[in-house]
Amino acid sequence: MELGILLEAGRRHPDDLMELALEADRRGVGVAVVRRSARHEDAGEPWSPWTIAAWIAARTERLRVGIVPAAAPGAAFGASTPAFAVTELRSVTTKAEQSLESLAPGRVLSSATAWVVAPPRPDAAGLRALAVRGIPILPVENAADLDRAVALAEQLRDVPSPPAPRSAESLAARVPGIDYDAVPASLAPTAVEPGDDAYASVSSTYLRGGAPGLVLRPQTVAEVVDAVAFAREHTGVALGIRSAGHGISGRSTNRGGLIIDVGGLDAIQIIDRRTRRVRLGPGATWQRVAQTLSPHGWALGSGDYGGVGVGGLATAGGIGLLSRKHGLTIDRLRAVELVLADGTPVRATETENSDLFWAVRGAGANFGIATAFEFEASEVGEVGWAQLSLVTDDLEASLRRFGQIAADAPRDTTVFLVTGRPREADQFVISLYGVVDDPDPDVVVDRLMPFTELGMLVRQHVVMTPYAGVMGNAAEVGPEGQHGFGEPVSRSAFLPSLTGEFARDAAELLRSGLVYFFELRTMGGAIADVSPHETAFSHRSPAFQVAAMSSSDDRLSARWRELGHHFDGLYLSFETDRSPERLDEAFPPPVLDRLRSLKRRYDPTNLFRDNFNIAPAAEDAPSVAADVASGSAA
């Protein structure tokens, strides 16, 4: 349970109040609230509570800072509003709050309902009772007062905090259909709903804007079980599952629905150095994973951006910059732990719940909420990391040549191509992102030189770095959360080979200006070494994965259909169209039949449906799991 202190401007010199705040910060007190005292006005004190709060915010490390506004409701002052109170202009206080936030991001308590003033000389029992109304704050005027506050804070440190009271505005913003009063006690302290201070930081994701009705943030497996139980009681509202909130195709935010955010399960642990076995929480980002493994000379292939969460990638596939040498991310997975739809925690490996282990590797979002993954890391030393920019006025020829060079390159070389709308005079800028997994700089240069034929080289950045240097391309999200907006529109496909006809049609699509982001991810190599029957991700033979993003869903869909004869399947991570046809393209018929059969066993009520939904097979449908597992039905 948390306690805070109350400092009164005008009762002591501002320097004295500052010293008390600094000492409170050093001794672990979490909150400092400043208000003006009766003596403040009488003494003509020039230092306002806002000024003192700004000093505290700027000089302390952890303290969350609040202000009791003049003429605030009586509850914030205790029993009554003092007669001397003046009303502050809302526009002025809003500006002052913004200034405080810039000094101490994420540490400003903007609502007076967040705390409640304790009476003089409170005891622990009284504070526990008071905590149901907000964080108790104890008036502190000198060092002795602070000692008493710290002693009480120590005494109550292990007492769970009751749910914070919510303002009338917050209560009015609640979404019909969600029983907020039924949020499990284990989740209530960290749950976020519209109107809460933290709401803006959890409503959106990397690219997508959202307005969920409730965000549950479990910190343990037991709390995930509680969250799933709550979700089962709310099957009428959308359910999103979030790890780090990066996903382009995923539904990790929504409007008016429930989100289970497992970002707090972000531990990274090395559990066996001999076998390079590591255990990762779903909320860890690949940037942090790479940083942790780097001192050991290890790495895990993980897409191309360090801000992606482990959970989303490790349940979908993971086509990354190490894939041609080390396989997909899911190919290094050795065990996964999940909470199923009925609330049962399970572990799945090649020998334990092996059918579930197969399904999770490619279709995991449909089968449960992952709480931990165990991977076998690869030995990866320094790699060549290249970022090249080229200009071409013959995009068709450049795409065709890229297809030849990238597919024929040794498997230590994985290069992705990104381009978009033409700039001027039909010129295109091509960006290449590539990793050469070889510690010899001469080998790196030899591998990359053919790619410089694709156009006029206008920028190059090639370095030798640990894989952590490649994944270090993501900014820290911070306490303010993600700031995506709108609904991204993206189409995805697997390309068996990059033919001249595809290069021609793709160039025509890009010249139309409809697509602002177009990417070719090179596959092959170790990806194709794995049998298509080994994981639910069964498209092992394509040479490339293609993605295109546009602002027009209808127009992009129409043009993408015209390219359909070039494609064979799609990768769900870059697809935003949730039409049933997309599911048929993502999974060959025998694989989809097996997934439906397993869905009937593990999620018969289809709780995890708000993604690319694999509906459970009908009760009388024949089981195909065994046939597909053996490959006889493929």
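Described in the following lines is the structure provided in the data block. A quick note: this is a predicted structure, and the numbers were derived from the prediction, not measured. (Residues numbered from 1 in each chain as written. Predicted model: local features only at pLDDT ≥ 70, side-chain atom pairs only at ≥ 80, totals over all residues. Heavy atoms only, no water.)

### Section: the overall build of the chain
- Secondary structure assignment for the chain yields 23 helices and 23 strands.
- Its C-alpha atoms give the chain a radius of gyration of 28 Å, within 12% of the compact-globule value 26 Å for 634 residues.
- If one aligns the C-alpha atoms of the chain with their principal axes, the spans along those axes are about 85 × 60 × 50 Å.
- Burial statistics for the chain: of 634 residues in total, 55% are counted as buried.
- In the chain, of all internal contacts separated by at least 6 residues, the share reaching a separation of at least 24 is 73%.
- Here the chain holds 61 positive side-chain charges and 80 negative ones, and the gap between their average locations is 2 Å. (Helix = DSSP H or I, 4+ residues; strand = E, 2+ residues; numbered from the N terminus. Rg over C-alpha atoms; globule rule 2.2 N^0.38 Å. Buried < 20%, exposed > 50% of the residue type's maximum accessible area, 1.4 Å probe, protein only. Contact = heavy atoms within 4.5 Å. Lys, Arg positive; Asp, Glu negative; His and termini not counted. Charge placed at Lys NZ, Arg CZ, Asp CG, Glu CD.)

### Considerations on the environment of N353
- In this structure, N353 sits in the loop between β14 (345-348) and α14 (354-363).
- Taking relative accessible area as the criterion, N353 reaches 34% and is therefore assigned partly exposed.
- C-alpha separation for the pair N353 and R459, spaced 106 residues apart in sequence, amounts to 50 Å.
- When residues no more than four places from it in sequence are discounted, the contact partners of N353 are V346, R347, A348 and Y602.

### Some remarks on the pairing of strand β13 (residues 333-339)
- Counted residue by residue, β13 has 6 buried out of 7 residues, so it is predominantly covered.
- In this structure, β13 lies alongside strand β15 (residues 369-376), joined through 6 bridges in antiparallel fashion. For E337, the partnering residue across the bridge sits in β15 and is A372.
- Pairing of β13 with β14 involves 4 bridges; the strand directions are antiparallel. Residue pairing in the sheet places L338 in a bridge with V346 of β14.
- Adjacent in sequence and paired antiparallel, β13 and β14 are bridged by 5 residues, among which G343 carries a positive phi angle near 90°. (Pairing = 2+ DSSP bridges.)

### Details of the sheet that holds strand β20 (residues 456-465)
- Strand order in the open sheet formed by 7 strands is β20-β17-β19-β18-β22-β23-β21, with antiparallel pairing between adjacent strands. Two strands lie at the open edges of the sheet, namely β20 and β21 (489-495), each paired on one side alone. Mean inter-strand twist for the sheet, computed between neighbouring axes without regard to direction, equals 15°.
- This element, helix α16 (residues 441-448), spans β17 (383-392), β18 (413-419), β19 (428-436) and β20 of the sheet and lies at about 150° to β20. (Axes fitted to C-alpha atoms, helices over the stretch in contact; angles between N-to-C directions.)

### What to know about the side chain of S170
- You can see S170 is positioned in helix α8 (residues 168-172).
- At 3.1 Å, the side chain of S170 forms a polar contact with the backbone oxygen of G195.
- S170 has contacts with E193, P194, G195 and D196, leaving out every residue within four places of it along the chain. (Polar contact = N/O pair within 3.5 Å; in protein donor to acceptor, adjacent residues only side chain to side chain.)

### Concerning the packing of aromatic side chains
- One pass over the full model with this rule turns up 11 aromatic pairs.
- Here the aromatic residues F494, F537, Y571 and F574 are joined through ring pairs into a cluster of three or more.
- A cation over a ring is seen here: R594 above W358, with NZ or CZ 3.8 Å from the ring centre. (Phe/Tyr/Trp six-rings, centres within 6.5 Å; stacked < 30°, edge-to-face > 60°. Lys NZ or Arg CZ within 6 Å of the ring centre and 35° of its normal.)

### Describing unusual backbone geometry
- With a phi close to 50°, N353 is a non-glycine residue in the positive phi region.
- Even without glycine at this site, N606 takes up a positive phi of about 60°.
- Looking at where N606 falls in the secondary structure, it is placed in the loop between α22 (589-602) and α23 (625-630).

### Here we look at the packing of α14 against α22
- Put simply, α14 and α22 touch, their axes get as near as 11 Å, and they point 115° apart. For α14 against α22, the interelement crossing comes out left-handed. Only V591, R594, L595, L598, R601 and Y602 of α22 make contact with α14, whose side of the interface consists of D355, L356, W358, A359 and A363.
- Classifying every residue of the contact of α14 with α22 by side-chain character gives 8 nonpolar, no polar and 3 charged. (Left-handed = near helix turned anticlockwise from the far one by under 90°. Nonpolar A, V, L, I, M, F, W, Y, C, P; charged D, E, K, R; others polar.)

### A look at the sheet that holds strand β9 (residues 258-261)
- One open sheet accounts for 3 strands, arranged β7-β9-β8; its pairing is parallel. Edge positions in the open sheet fall to β7 (214-216) and β8 (239-242), since each of these has one partner strand only. The average angle at which neighbouring strand axes cross in this sheet is 20°, direction not considered.
- In this structure, β8 lies alongside β9, joined through 4 bridges in parallel fashion. Paired with I241 across the two strands is I260, which belongs to β9.
- Strands β7, β8 and β9 of the sheet are contacted by helix α10 (residues 221-232), whose axis makes an angle of about 165° with β9.

Purely spatial values, then, with no claim about function.
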